[in-house]
Amino acid sequence: MKYVDILPYISTVQCSITVYCMFSCSGIGLALCERLLSQDTEGLQLCLACRNMRRAQAARSALLASHPTAQVALLQMDTSSISSVFAAAQEVKLRYNRLDYLYLNAGIMPNPQFDVKAFFKGLFSSHIITMFATGEGILTQKDCVTADGLQEVFATNLFGHFLLIRELEPVLCHAGRTSQLIWTSSSNAHRSAFNLEDIQHQRGTQPYSSSKYASDLLSLALNTRYNKQGLYSSVICPGFVMTNLTYGILPSFPAFLWTLLMPVFWLIRVFTNTFTLIPYNGAEALFWLFNQKPESLDPQAKYHSLTSGRGKNYTQPRKMDVDLETSEALYEKLLQLESEVRKKLKEKQKESQVHSLPAGPGSS
């Protein structure tokens, strides 16, 4: 089975007095780490939480090569696995008394199906910019089910993050101090792909779009629930960036075709500021939010990383297509699902303990 890691691992940032924790191992997440360390290497402490520890070690080595005095810790976590999320959260609570920033970057797009005919048709249409910026009309995915019985895209891109936030409440919520949750969403987050009666997107073909729209809704609900406790949530869109997603969805394209397309991408950037193209530019909104007071941010805005035709990076808020009623309904459904998975996990643990007990006298 083929997977495309968009921003492969969750990102959080943390500091010793102000503890930040960053979960990311490549692409935009790694670019953000570089930018944060370039701003402050003394007070900043990064914790990279990744599924693949080999890649995590490589990311850490790259950061230390350019910032030898930086404090960079590692933590293994797979947001598609409930037990992995719980174990990682427990480890974070043992290591840190508080988190000031939790960057939620993890995302997958499994088995991307690329419509070549629609792609080339779009190249010569008035919808070319929208097609590249959002993938609309050219991408569908085939999802699968995790060992926990959840749809994998939903679990990885949304529910694992939700459980992590719930588990980390003691270190995220502190009287007199603020903490920030920062979600990496997408321009591919469409309301039309999301169904409140099918939040795991079991019956659709756009699980990625559904999960990203759900993260927009969840961010709004989190602000409603947690702002009074000093916890704020924001959403960003990195723009069109050449990352694992871009290359992975076109596995059959020869390398020379990418070479031919790059001038087209740069030309398009003259007409649209959403083509950030490189990870450093795509991380602009993530970096910008790090330097803002969370109380001043708009909970219904998505903060976009943008790059002008002359290459200047900047951040711009744009209203999300979300509403409080739907966000609250989603939150309640996630709470219900959380209760169900916790119950199942306890039952599995009990069964495992029973099977591990030594056999009694006379047992064969």
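The coordinates are above.
Figured I'd write up the structure that's included with this text. (Residues numbered from 1 in each chain as written. Predicted model: local features only at pLDDT ≥ 70, side-chain atom pairs only at ≥ 80, totals over all residues. Heavy atoms only, no water.)

Some details on the pattern of salt bridges
- As enumerated under the stated definition, the model contains 14 salt bridges in all.
- The salt bridge partner of R166 is E338, with a shortest N-O separation of 2.9 Å. Of this pair, R166 sits in helix 6 (residues 152-167) while E338 is found in helix 13 (residues 324-356), placing the two residues 172 residues apart along the sequence.
- Judged by its relative accessible area of 28%, R166 is partly exposed.
- Overlapping salt bridges bring together K93, R166, E167, E169, E338 and R342 as one network. (Salt bridge = Lys/Arg side-chain N within 4 Å of Asp/Glu carboxyl O. Helix = DSSP H or I, 4+ residues; strand = E, 2+ residues; numbered from the N terminus. Buried < 20%, exposed > 50% of the residue type's maximum accessible area, 1.4 Å probe, protein only.)

A closer look at the packing of helix 1 (residues 27-39) against helix 2 (residues 53-66)
- The contact between helix 1 and helix 2 brings their axes to 11 Å, and the two run at 25°. With respect to helix 2, the axis of helix 1 lies roughly parallel. For the pair helix 1 and helix 2, the sense of crossing is right-handed. Across the interface between the two elements, L30, C33, E34 and L37 of helix 1 pack against A59, A62, L63 and S66 of helix 2.
- When the residues that make up the contact of helix 1 with helix 2 are grouped by side-chain class, the tally is 6 nonpolar, 1 polar and 1 charged. (Axes fitted to C-alpha atoms, helices over the stretch in contact; angles between N-to-C directions. Parallel < 35°, antiparallel > 145°, perpendicular 65-115°, else oblique. Left-handed = near helix turned anticlockwise from the far one by under 90°. Contact = heavy atoms within 4.5 Å. Nonpolar A, V, L, I, M, F, W, Y, C, P; charged D, E, K, R; others polar.)

Some remarks on the environment of I182
- By the element assignment, I182 lies in strand 10 (residues 179-184).
- For I182, a relative accessible area of 0% corresponds to the buried category.
- Spatially, the C-alpha atoms of I182 and Y232 are 8.6 Å apart, while their sequence positions differ by 50 residues.
- In this structure, I182 is in contact with Y101, L102, Y103, L104, S234, I236, L286 and L289, ignoring residues within four places of it in sequence.

Quick word on the pairing of strand 5 (residues 71-76)
- As judged from the 6 bridges shared by strand 4 (residues 44-50) and strand 5, these two strands associate in the parallel manner. Looking at strand 5, one finds that L48 is bridged to L74.
- The parallel pair strand 4 and strand 5, bridged by helix 2, forms a crossover whose chirality is right-handed. (Pairing = 2+ DSSP bridges. Right-handed = clockwise from strand over helix to strand, strands pointing away.)

Things to note about the pairing of strand 12 (residues 301-307)
- The element strand 12 is largely enclosed, with a buried count of 7 among its 7 residues.
- Alignment of strand 11 (residues 231-237) against strand 12, held across 3 bridges, turns out to be parallel. Counterpart to V235 in the pairing with strand 12 is K302.
- Of the strand pairs in this sheet, strand 12 and strand 13 (residues 313-319) are connected by 7 bridges, and their pairing is antiparallel. When the bridges of strand 13 are listed, Y303 appears paired with P317.
- A loop of 5 residues connects strand 12 with strand 13, the two strands running antiparallel in sequence, and G311 in this loop sits at a positive phi of about 90°.

Side note on the packing of aromatic side chains
- In total, this model carries 8 aromatic pairs according to the counting rule given.
- Residues Y101 and Y103 carry aromatic rings whose centres are separated by 6.4 Å and whose planes lie at 15° to one another, so their mutual orientation is stacked.
- Here Y103 falls in the buried class, since its relative accessible area comes to 0%.
- An angle of 15° between the planes, with centres 5.6 Å apart, marks the rings of F154 and F159 as stacked. (Phe/Tyr/Trp six-rings, centres within 6.5 Å; stacked < 30°, edge-to-face > 60°.)

On their own, these measurements won't tell you what the molecule is for.
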